[in-house]
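Fold and geometry: a report
Listed below, chain by chain, are the residues.
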Amino acid sequence: MSQVLDDQSRVEKSIDAYARSKLTALDPMGLRRSLIETDRTDAIEVMRGGRRLISFCCNDYLSLSHHPDVERAAQDAIEKFGTGAGASRLVTGNYSLLGELEAKLAALKGTEACLVFGCGYLANIGTIPALVGAEDLIVLDELSHACMHAGARLTSARIETFPHNDLSAAHAILKRMRDSHPRCLLLTETIFSMDGDRAPLQALGLLARDFDAWLMTDDAHGLGVVPHENSDADIQMGTLSKGAGSYGGYVCASRAVIDLLINRARSFIYSTGLPPASAAAALEALTIMERDPEMCARPLALARAFTRKLGLPEAQSAIVPVILGDAEHALAASHALEQDGFLVIAIRPPTVPFGTARLRFTFTAGHSEADVARLAAAVAKL
Ligand SMILES: *Cc1c(COP(=O)(O)O)cnc(C)c1O
């Protein structure tokens, strides 16, 4: 027996050999990722490797994660409801703040009802399979977020992607395939997370109507930043983890659709409710957004100041990509900006398509005009 154990400790376990070989394959392309400790000391500054940097890569667009009222709301909720929901919402995890939060989100999006999930990823991978199955068709923009693709793959429906924002390609797919599938879900993002551009929502709404497809939009990067278009979408999904400065996901839709999700969305049914502090923080953040439209307008205004200074196409959201091509080039540019005191992460495949590695800049309400001007000067040097 001890002989066998000795042999095992000398020979690398097959699982570790496998992991190491997969990781080694990533190295030559500059695609290996690792975690770097980063403390966000306020909404704008981070401490990394003992250095203080100004972050231009957080999705905390309105800097609400460090807002004193939002922090206090979270603390009060912990005192009143504890640190965890304790169970799935269908068991005992459905504390009263969640209903308040859902009512507020439904009113904001102009829908009958809303359902809050543990996070945006869970909302997408739960909602999509609750609505379509093996006989059905899913048509999605190729640049849709990984969790929309993941949700689609959980369905065993026929999945067709169309080139980014290409309406005529989406139309052609629907024309060719819609009739032979009983139900069809059309998926896109309102603001594309890695490109910062917008989907043609009105035209997609018309397309969905013409083909009786159900339009589902992911507004992760729109909430509080890009004024809400009164959307024709049947399902408006989003996250509380970005502009709302908290954590959690939501789906706004008709009462019937939400009731179906409560009964069929597995990531809702079999996962613990959102923690009270997150729900309270999000609720307070939504209240602040409502009363402070000037704050909400700042990220886009600063992004536009940046694109103007550098002669880039005008920003359509708080996200501005600068595409550099290969991963090594993007990493080098990110390191150079770090030397100048700015944190801007290089985004590499498979998050973005091969050959489109980039710096992804995000602008937030807490940045000053001077911060943006200094950043633009540092980027111009590159
Ligand atoms: C971040 C993101 C999500 C996931 O939201 P989380 O709440 O962080 O899980 C979903 N969709 C898009 C487009 C995103 O950018």
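Before reading further, recall that the structure is shown in the block above.
Here's what I pulled together on the structure shown here.

Cut-offs and rules
- Residues numbered from 1 in each chain as written.
- Predicted model: local features only at pLDDT ≥ 70, side-chain atom pairs only at ≥ 80, totals over all residues.
- Heavy atoms only, no water.
- Phe/Tyr/Trp six-rings, centres within 6.5 Å; stacked < 30°, edge-to-face > 60°.
- Helix = DSSP H or I, 4+ residues; strand = E, 2+ residues; numbered from the N terminus.
- Buried < 20%, exposed > 50% of the residue type's maximum accessible area, 1.4 Å probe, protein only.
- Expected span 1.5 Å × (residues − 1).
- Pairing = 2+ DSSP bridges.
- Contact = heavy atoms within 4.5 Å.
- Axes fitted to C-alpha atoms, helices over the stretch in contact; angles between N-to-C directions.
- Near = heavy atom within 4 Å.
- Polar contact = N/O pair within 3.5 Å; in protein donor to acceptor, adjacent residues only side chain to side chain.
- Areas by Shrake-Rupley, 256 points an atom, 1.4 Å probe, with all protein chains shown as cover.
- Nonpolar A, V, L, I, M, F, W, Y, C, P; charged D, E, K, R; others polar.
- Salt bridge = Lys/Arg side-chain N within 4 Å of Asp/Glu carboxyl O.

**Observations regarding the packing of aromatic side chains**
Under the counting rule described, the total for this entry stands at 6 aromatic pairs. Centre to centre, the rings of Phe56 and Phe342 are 6.0 Å apart; their planes meet at 55°, and the pair counts as tilted. Of this pair, Phe56 sits in the loop between β3 (51–55) and α3 (68–81) while Phe342 is found in strand β12 (residues 342–343), placing the two residues 286 residues apart along the sequence. A residue is classified by how much of its surface remains accessible, and Phe56, at 0% relative accessible area, is buried. Where Phe306 meets Phe363, the ring centres are 5.0 Å apart and the plane angle is 45°; that geometry is what we call tilted. Of this pair, Phe306 sits in helix α12 (residues 293–310) while Phe363 sits in the loop between β14 (357–362) and α14 (369–381), placing them 57 residues apart in sequence.

**A look at helix α11 (residues 276–291)**
In a regular helix each residue adds 1.5 Å, so 16 residues correspond to 22 Å; α11 covers 23 Å between its end C-alpha atoms and thus fits that length. Burial analysis of α11 places 12 of its 16 residues in the buried class, the great majority of the element. For α11, the full list of buried residues reads Pro276, Ala277, Ser278, Ala279, Ala280, Ala281, Ala282, Leu283, Ala285, Leu286, Ile288 and Met289.

**Things to note about the sheet that holds strand β13 (residues 346–347)**
Strand order across the open sheet formed by 3 strands is β11-β14-β13, with antiparallel pairing between neighbours. Each edge of the sheet is formed by a strand with only one pairing partner; in this case those strands are β11 (319–325) and β13. Where β11 meets β14, 6 bridges bridge the pair, whose relative direction is antiparallel. Bridge assignment links Gly325 to a residue of β14, and that residue is Ala357. Along the sheet face, helix α13 (residues 327–339) touches β11, β13 and β14 and points at about 35° away from the line of β14.

**Observations concerning the site of the ligand**
The immediate surroundings of the ligand are formed by 14 residues, with Asp218, His221, Thr239, Ser241 and Lys242 found nearest. Tyr121 is positioned such that a nitrogen or oxygen atom in its backbone is 3.0 Å from an oxygen atom of the ligand. A distance of 2.6 Å is found between a nitrogen atom of the ligand and a side-chain nitrogen or oxygen belonging to Asp218. Protein coverage of the free-state accessible area of the ligand, which is 380 Å², stands at 88%. For the shell around the ligand, a count of residues per class yields 4 nonpolar, 7 polar and 3 charged.

**Details of the sheet that holds strand β5 (residues 137–141)**
Ordered by their spatial adjacency, 7 strands build an open sheet running β4-β10-β9-β8-β7-β5-β6, and the pairing between neighbours is mixed. Across the chains shown, the open sheet's two edge strands, defined by having one partner strand only, are β4 (113–117) and β6 (158–162). With strand direction ignored, the average angle separating the axes of adjacent strands in the sheet is 20°. The sheet contact formed by β5 and β6 spans 5 bridges and is parallel. Among the inter-strand pairings, Asp141 is bridged to a residue of β6, identified as Phe162. Packing against the sheet, helix α6 (residues 146–153) makes contact with β5, β6, β7 (184–189) and β8 (214–218), and its axis sits at approximately 170° to β5. Where helix α8 (residues 201–210) meets the sheet, its contacts fall on β7 and β8, and the angle it forms with β8 comes to roughly 155°.

**Here's the deal with the pairing of strand β10 (residues 249–253)**
Within β10, 5 of the 5 residues are buried, which leaves the element mostly enclosed by the surrounding structure. Residues Gly249, Val251 and Ala253 point to one face of β10 and Tyr250 and Cys252 to the other, with burial holding for every one of them. Two elements, β4 and β10, share 5 bridges in a ladder whose sense is antiparallel. The partner of Cys114 across the bridge, within β10, is Cys252. In terms of strand pairing, strand β9 (residues 235–239) meets β10 through 4 bridges, oriented antiparallel. If you follow Gly238 over to β10, its bridge partner there is Tyr250.

**Overview of the pattern of salt bridges**
Under the definition given, this model contains 19 salt bridges. Where Asp27 meets Arg32, a salt bridge forms, and the shortest distance between an N and an O atom there is 3.4 Å. Taking the relative accessible area as the measure of exposure, Asp27 reaches 40% and is therefore partly exposed. In this structure, the salt-bridge partner of Glu45 is Arg52, at a minimum N-O distance of 3.3 Å. Accessibility expressed as a relative area gives 48% for Arg52, which makes it partly exposed. What emerges from the salt-bridge pattern is a single network uniting Asp69, Arg72 and Arg291.

**Focus on the side chain of Asp219**
Take Asp219: it is sitting in the loop between β8 and β9. A residue is classified by how much of its surface remains accessible, and Asp219, at 10% relative accessible area, is buried. Each residue touching Asp219, except ones within four places of it in the same chain, is listed here: Lys109, Thr190, Met237, Gly238 and Tyr250.

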